[in-house]
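# Analysis of the macromolecular model
Each chain, letter by letter, is given below.
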Amino acid sequence: MTLANAMELAPLGGQRFRFDAGTLCLELLVTGGEGELSKWERLHTPADLTAWIPHSRAGLGDLVQVSADDLAATLRVRAALQRLAETAASGSRALSGADLATLNEAAAAPPPVPVIGPALERTWASPVTGAQFLSAVARDAIEVFGGPALDRIRTCGGERCPMLFLDTSRPGARRWCSMDRCGNRYKLRTRRDRHPAG
Ligand SMILES: [Zn+2]
């Protein structure tokens, strides 16, 4: 598995690990959420979102200017994505119409505008607005949820691990959020079960 797009995560009181969400829209889910997930919340202010975006695969660097409204919209889209991804990962195709409408609304905004500079470098028309960033996230989600990738959305097989990812491996057999974390725990556990005395 390529880790080119992996993000480095540092869970509260836990060990750092690298996580490849497989696609942009699911990367947003590692920033926190509602209910149980609120203890992971990283996006408290617009500046938090500006600081997080360069860690995502959006490729927008630190060009994004986020307003308070943009942050609120991002949290709404994130909550919708969380529910949609959990439903899809469970094997159900009864995706909430209201959550799909939230994606459609965000995707209707114009996405970031690519520009090419004199040294043939590719960048973005600056500033990029929070709504443009969110449009890119929602458009990615529509690609994923509206196509064959839908069958590749998975929940980590680790015990009580809520991480959701898109399995982009060729055989489609990815089970863990990270081999360094849940994959390793599973290996250690099965080894212990096989050699209880050791
Ligand atoms: Zn896991």
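Rules of the game
- Residues numbered from 1 in each chain as written.
- Predicted model: local features only at pLDDT ≥ 70, side-chain atom pairs only at ≥ 80, totals over all residues.
- Heavy atoms only, no water.
- Helix = DSSP H or I, 4+ residues; strand = E, 2+ residues; numbered from the N terminus.
- Rg over C-alpha atoms; globule rule 2.2 N^0.38 Å.
- Buried < 20%, exposed > 50% of the residue type's maximum accessible area, 1.4 Å probe, protein only.
- Contact = heavy atoms within 4.5 Å.
- Lys, Arg positive; Asp, Glu negative; His and termini not counted.
- Charge placed at Lys NZ, Arg CZ, Asp CG, Glu CD.
- Core = buried A, V, L, I, M, F, W, Y, C linked by side-chain atoms within 4.5 Å.
- Phe/Tyr/Trp six-rings, centres within 6.5 Å; stacked < 30°, edge-to-face > 60°.
- Lys NZ or Arg CZ within 6 Å of the ring centre and 35° of its normal.
- Polar contact = N/O pair within 3.5 Å; in protein donor to acceptor, adjacent residues only side chain to side chain.
- Expected span 1.5 Å × (residues − 1).

Going by what an unreviewed UniProt entry lists, the chain is known as CGNR zinc finger domain-containing protein and is assigned to Streptosporangium oxazolinicum.

### Section: the overall build of the chain
Scanning the chain from terminus to terminus reveals six helices and eight strands. The C-alpha radius of gyration of the chain comes to 18 Å, within 12% of the 16 Å expected for a compact globule of 198 residues. On the principal axes, the C-alpha backbone points of the chain span a range of 65 × 40 × 35 Å. Expressed as a percentage of the 198 residues in the chain, the buried residues total 42%. For the chain, restricting intrachain contacts to residue pairs at least 6 apart in sequence, the fraction spanning at least 24 positions comes to 53%. The centroid of the 24 positive side-chain charges in the chain is displaced by 10 Å from the centroid of its 21 negative side-chain charges.

### What to know about the nonpolar core
The nonpolar side chains of soluble globular proteins are, as a tendency, buried together. If you look at the biggest cluster of nonpolar residues, it comprises 50 residues, and the most contacted ones within it are Phe19, Trp52, Leu81, Phe133, Phe145, Ile153 and Met163. Secondary structure elements with two or more residues in this core: strand E1 (7-9), strand E2 (17-19), helix H1 (24-27), helix H2 (46-52), helix H3 (68-89), helix H4 (97-107), helix H5 (130-145) and strand E8 (164-166).

### Points about the packing of aromatic side chains
Under the definition given, this model contains one aromatic pair. Ring centres of Trp176 and Tyr186 lie 5.0 Å apart, and the angle between their planes is 35 degrees; this geometry places the pair in the tilted category. Linking Trp176 in the loop between E8 and helix H6 (179-194) with Tyr186 in helix H6, this pair joins segments that are 10 residues apart in sequence. Taking the ring centre of Phe165 as reference, the NZ or CZ of Arg174 above it sits at 3.8 Å.

### Notes on the side chain of Arg154
Mapped onto the secondary structure, Arg154 falls in strand E7 (residues 153-155). From its side chain, Arg154 meets the backbone oxygen of Gly172 in a polar contact 3.0 Å long. Beyond its immediate sequence surroundings of up to four residues, Arg154 is in contact with Ala89, Met163, Leu164, Phe165, Asp167, Gly172 and Arg174.

### Quick look at H5
With 16 residues, H5 should cover 22 Å at 1.5 Å per step; its first-to-last C-alpha distance of 22 Å lies within 8% of that length. Of the residues making up H5, those classed as buried are Gly130, Gln132, Phe133, Leu134, Ser135, Val137, Ala138, Asp140, Ala141, Val144 and Phe145.

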